[in-house]
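Given next are the chains, with one letter for each unit.
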Amino acid sequence: MTYVADKERYSKMKYNRCGRSGLKPSALSLGLWHNFGSGDNYDNMVNMITTAFDNGITHFDLANNYGPYPGSAEENFGKIMANVMKPYRDELIISTKAGYTMWDGPYGDWGSRKYLVASLDQSLKRMGLDYVDIFYHHRPDPETPMEETARALAHIVKSGKALYAGVSNYNADQTKKMAALMKAEGVPLLIHQPRYNMLERWIENGLQTVLEYDGIGSISFCPLAQGLLTNKYIHGIPENSRATKSVFLTPEKIKPELIEKIVKLNAIAEKRGQTLAQMAVAWNLRGNKLTSVLIGASRPSQIVENVKALENSEFTAEELAAIDAVLAE
Ligand SMILES: NC(=O)c1ccc[n+]([C@@H]2O[C@H](COP(=O)([O-])OP(=O)(O)OC[C@H]3O[C@@H](n4cnc5c(N)ncnc54)[C@H](OP(=O)(O)O)[C@@H]3O)[C@@H](O)[C@H]2O)c1
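**Concerning the site of the ligand**
As a matter of local geometry, the ligand sits amid 29 residues, with Gly31, Trp33, Phe221, Gly227 and Gly296 nearest to it. Listing elements by their share of the shell around the ligand, those giving two or more residues are strand 8 (292-295) and helix 10 (300-307). The element best represented in the shell around the ligand is helix 10, accounting for three residues. Tallied by class, the residues present in the shell around the ligand amount to 11 nonpolar, 14 polar and four charged.

Below is the structure:
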């Protein structure tokens, strides 16, 4: 397959500095948690990656366990790199993570040096890469001393297998502690990856203050609440939507009260001249607090639609108040 990248792509995107680092990820990034597993359509995957890239998305986010089966998203991404994207490696920020259950026995989970180093080696093999740009500890480990996890992340960066290191799902205090430990190891904590969207705003209560103070970037996952913050569930659950096929978003979670809110948010988005998905992305980026918004997609057209959020990413005080009023109901 030959692929000629669209030379205009960088003019369609914004690139935000990640905390106090030299790295500028794209304002929208694409995650491979869903729709890149062993049972998914390969051509669609290629189309999503090339569409994202052609629209200025340079950052692709993976984890050791993305699939299903765990590891298959990295294998598929590795195929796409080998077949299509290899010439563009230096234009890409590729991340992966370890922290959830990956293999049997006591060394395939959580936050030990043993697990993190071995997992990254496996991820690099699956993706056919010499290094990733960002390696994350995927979730805090209540048992392993954080000092060990910090030393392992620093070791990984110093070994050249990752250029930067980040954490995900850490609370404010854990993040503060990890940032200090990594600083002592001589490797700054580049970025935090938290869940954040209009329906889930926990990072506003402390984490964002820590990130700003310590100069750490942030990239929000599930910015569309897995598709809830779009117009797709307003009239029921469409065939092939995530709610029909993922254990992470089940029909029981789509309650009438939630749909009522979504209908009202959709009306605010329409008034702004954009779709709810676009407003949800723009809302995440408001005030320049986040470095990037990490979207997922099941088809290329969603990526094109979501990138267009950048065409109207400013909010008036009245619009923000109207959104807050709906969310508070
Ligand atoms: N660090 C962590 O612990 C963690 C956890 C979860 C996710 N993540 C990362 O975050 C990434 C994104 O998560 P996510 O996929 O849940 O993000 P999301 O952007 O909240 O949801 C993406 C889903 O919404 C639907 N969608 C997207 N654009 C749409 C549009 N314009 N109109 C209608 N529907 C649209 C699609 O689902 P349909 O299939 O219904 O079309 C798509 O797969 C993941 O891939 C992963 O990289 C990280």
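Moving on from the coordinates now.
**Brief notes about the pairing of strand 7 (residues 217-221)**
In terms of burial, strand 7 is largely enclosed, as five of its five residues are buried. Of the two faces of strand 7, the one holding Gly217, Ile219 and Phe221 and the one holding Ser218 and Ser220 are both buried throughout. Bridge count between strand 6 (residues 189-193) and strand 7: two bridges; the pairing is parallel. Residue pairing for strand 7: Ile191 is matched across the bridge by Gly217. Each parallel crossover has a hand, and for strand 6 linked through helix 6 (residues 207-214) to strand 7 it is right-handed. The pairing of strand 7 with strand 8 spans three bridges and is classified as parallel. Looking at strand 8, one finds that Phe221 is bridged to Leu294.

**Some points on helix 3 (residues 113-127)**
Taking 1.5 Å as the rise per residue, helix 3 with 15 residues should run 21 Å; its terminal C-alpha atoms sit 21 Å apart, in good agreement. Where helix 3 is buried, its residues contact helix 2 (72-85), strand 3 (93-98), strand 4 (132-137), helix 4 (146-158) and strand 5 (162-168). With its phi angle positive at about 65°, Gly128 sits one or two positions after the end of helix 3.

**Notes on the environment of Thr275**
Along the chain, Thr275 turns up in the loop between helix 8 (256-271) and helix 9 (276-285). Classification of Thr275 by C-beta neighbours within 10 Å gives partly exposed; the count is 18. Separated by 28 residues in the primary sequence, Thr275 and Ile303 place their C-alpha atoms 13 Å from one another. In contact with Thr275, not counting residues within four places along its chain, are Asn231, Ala269 and Glu305.

Reading the values: the criteria
- Here the residue numbering is sequential within each chain, running from 1 through the sequence in written order.
- The model is predicted, so local features are restricted to residues of pLDDT at least 70 and side-chain atom pairs to those at 80 or more, both for listing and for counting; the totals for chains, interfaces and linings are taken over all residues.
- In this analysis, residues qualify as near a molecule or strand once their C-beta atom, positioned from backbone atoms, comes within 6 Å of it.
- Secondary structure follows DSSP: runs of H or I at least 4 residues long count as helices, runs of E at least 2 residues long count as strands, and numbering of each begins at the N terminus.
- Classification used: nonpolar for Ala, Val, Leu, Ile, Met, Phe, Trp, Tyr, Cys and Pro, charged for Asp, Glu, Lys and Arg, polar for all others including Gly.
- Around each residue's C-beta, the other C-beta atoms within 10 Å are counted; 20 or more make the residue buried, 12 or fewer make it exposed, and counts in between make it partly exposed. All C-beta atoms are placed from the backbone.
- In this scheme, strands are said to pair when DSSP sees at least two bridges between them.
- Here, the term right-handed applies to a crossover whose path from the first strand over the helix to the second runs clockwise when the strands point away from the viewer.
- By this rule, a helix spans an expected 1.5 Å times one less than how many residues it contains.
- We call two residues in contact whenever the C-beta atoms placed from their backbones are within 7 Å.

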